[in-house]
Amino acid sequence: MKLFECEGCGNAIYFENTHCEGCGHKLGFRSDQGTLVALEDDGAGLLRPLGEDQPFRNCANQEAGGCNWLVPADRSEEFCAACRLNNTVPDLSNPEHRQLWRVLETGKRRLVYSLLRLGLPLRNKADDEEHGLAFDFLADEVTGFREGPKVLTGHASGLITINIAEADPAKREEFRQTMAEPYRTVLGHFRHEVGHYYWELMVRDRPALADCRALFGDETQDYGASLERHYEQGPRADWPAHYVSAYASSHPWEDWAETWAHYLHMVDSLETAYAFGLRIRPKAGPTPDLATAANFDPYREPGFERIQETWLPLTFAVNSLNRSMGQADLYPFVLSQPATDKIAFVHRLIREAETG
């Protein structure tokens, strides 16, 4: 994620900010430019970025969903590019639902930011029923669930369903323990599920399918039976040697989605490191192997090698910082060569989609 600068006073501002703490200007995110801009009222109920004539409105989800994205005033839509992806939201008259949904919306906006930065096709189902993307955010009384057919959280033909309980830290930790996962976050869920959507858009019935099968396996094997076997028997014993996570070993579709999510983890974290000018030069051990600098834009990096070479030392450092605070590792994964090859494939496919 980028760092932004207030055009009113030069103060550092952040993606979720709605006001500048330095000068008090209202702030809004322009998805067409990927920038957070300082705003002033034009006296007619509209907002204009400083020094510009084009007027905007706040997204209609500003109050309920905490959305700080903008809608061009000449557009008929009430909602911004991210909120137009919503198909169903929970009953917002319930204060708990409203609070949990706002957490989900924050994660979803970060997801959409990444998809736009990567130049990926992003259409909503209202405009393109067959190929569009949409989200259902649903409340449920069930205290545990599994991904797969006929369950709450999952993906089907561009419709991603998320249980709002995932936004509750206590319940999410319960789910994590039940599923024996080292890592479970709201943003990670979004990145995983959208991976299923882009597999259908970029791999299924495409030239990339054969190469994808060579790396991830034959996705035509029974999905339901594969998940059932995974939940009943656990992951295959040698999964660390081949997959980014234990769950990835359950079926090629899940391997793809987990790998896709890890790629988004990498590029967005590296962009944050780039924004902060992070450099790593350990004072012990084989320094040349661990010294690195996040001095490039990973969203625009043509090759994967530089991303990989920077990622490994960065995670070593931040994991060490977390341990110094008594926290679990920020990135609790060890990437084998086969897993890295799969992530590199995702990178190449995205770059080809952008340049094609």
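If you're wondering where the values come from, they're calculated on a predicted model, not measured in any experiment.

(A) Up close: empty space enclosed by the protein. Per the stated rule, a full pass over the model turns up one cavity of 30 Å³ or more. Approximately 40 Å³ is the volume attributed to the largest cavity. With four residues, the top contributor of residues to the lining of the largest cavity is helix α5 (residues 208-216). Among the residues making up the lining of the largest cavity, the classes are represented as six nonpolar, one polar and two charged.

(B) Examining a nonpolar patch on the surface more closely. On the surface, L3, Y14, F276 and L278 cluster together into a nonpolar patch covering about 370 Å² of accessible area. Structurally, L3 is set in the segment before β1 (4-5). Owing to a relative accessible area of 32%, L3 belongs among the partly exposed residues under this scheme.

(C) Quick peek at the side chain of E166. Following the sequence through the fold, E166 ends up in the loop between β11 (159-163) and α3 (169-178). The class for E166 is buried, based on a relative accessible area of 1%. Side-chain polar atoms of E166 contact the side chain of H189, separated by 3.0 Å.

(D) Fine view of the layout of surface pockets. When its volume is computed, the second largest pocket comes out at roughly 430 Å³. In terms of lining residues, the second largest pocket is bounded by 19 residues, among which Y183, S269, W311, L330 and Y331 are the most central. Secondary structure elements with two or more residues in the lining of the second largest pocket: α7 (252-275) and α9 (305-324). Sorting elements by how many residues they give to the lining of the second largest pocket places α9 first, with five residues. Residues belonging to the lining of the second largest pocket are distributed by class as follows: eleven nonpolar, six polar and two charged.

Rules used throughout
Residues numbered from 1 in each chain as written. Predicted model: local features only at pLDDT ≥ 70, side-chain atom pairs only at ≥ 80, totals over all residues. Heavy atoms only, no water. 1 Å grid on protein atoms, 1.4 Å probe; cavity = no way out; pocket = protein on both sides within 12 Å on 5 of 7 lines; lining within 4 Å. Points joined across faces, edges and corners; volume = space filled by probe spheres on them. Helix = DSSP H or I, 4+ residues; strand = E, 2+ residues; numbered from the N terminus. Nonpolar A, V, L, I, M, F, W, Y, C, P; charged D, E, K, R; others polar. Patch = residues over 30% accessible without salt bridge, like charges linked within 9 Å, V, L, I, M, F, W, Y side chains within 5 Å. Areas by Shrake-Rupley, 256 points an atom, 1.4 Å probe, with all protein chains shown as cover. Salt bridge = Lys/Arg side-chain N within 4 Å of Asp/Glu carboxyl O. Buried < 20%, exposed > 50% of the residue type's maximum accessible area, 1.4 Å probe, protein only. Polar contact = N/O pair within 3.5 Å; in protein donor to acceptor, adjacent residues only side chain to side chain.

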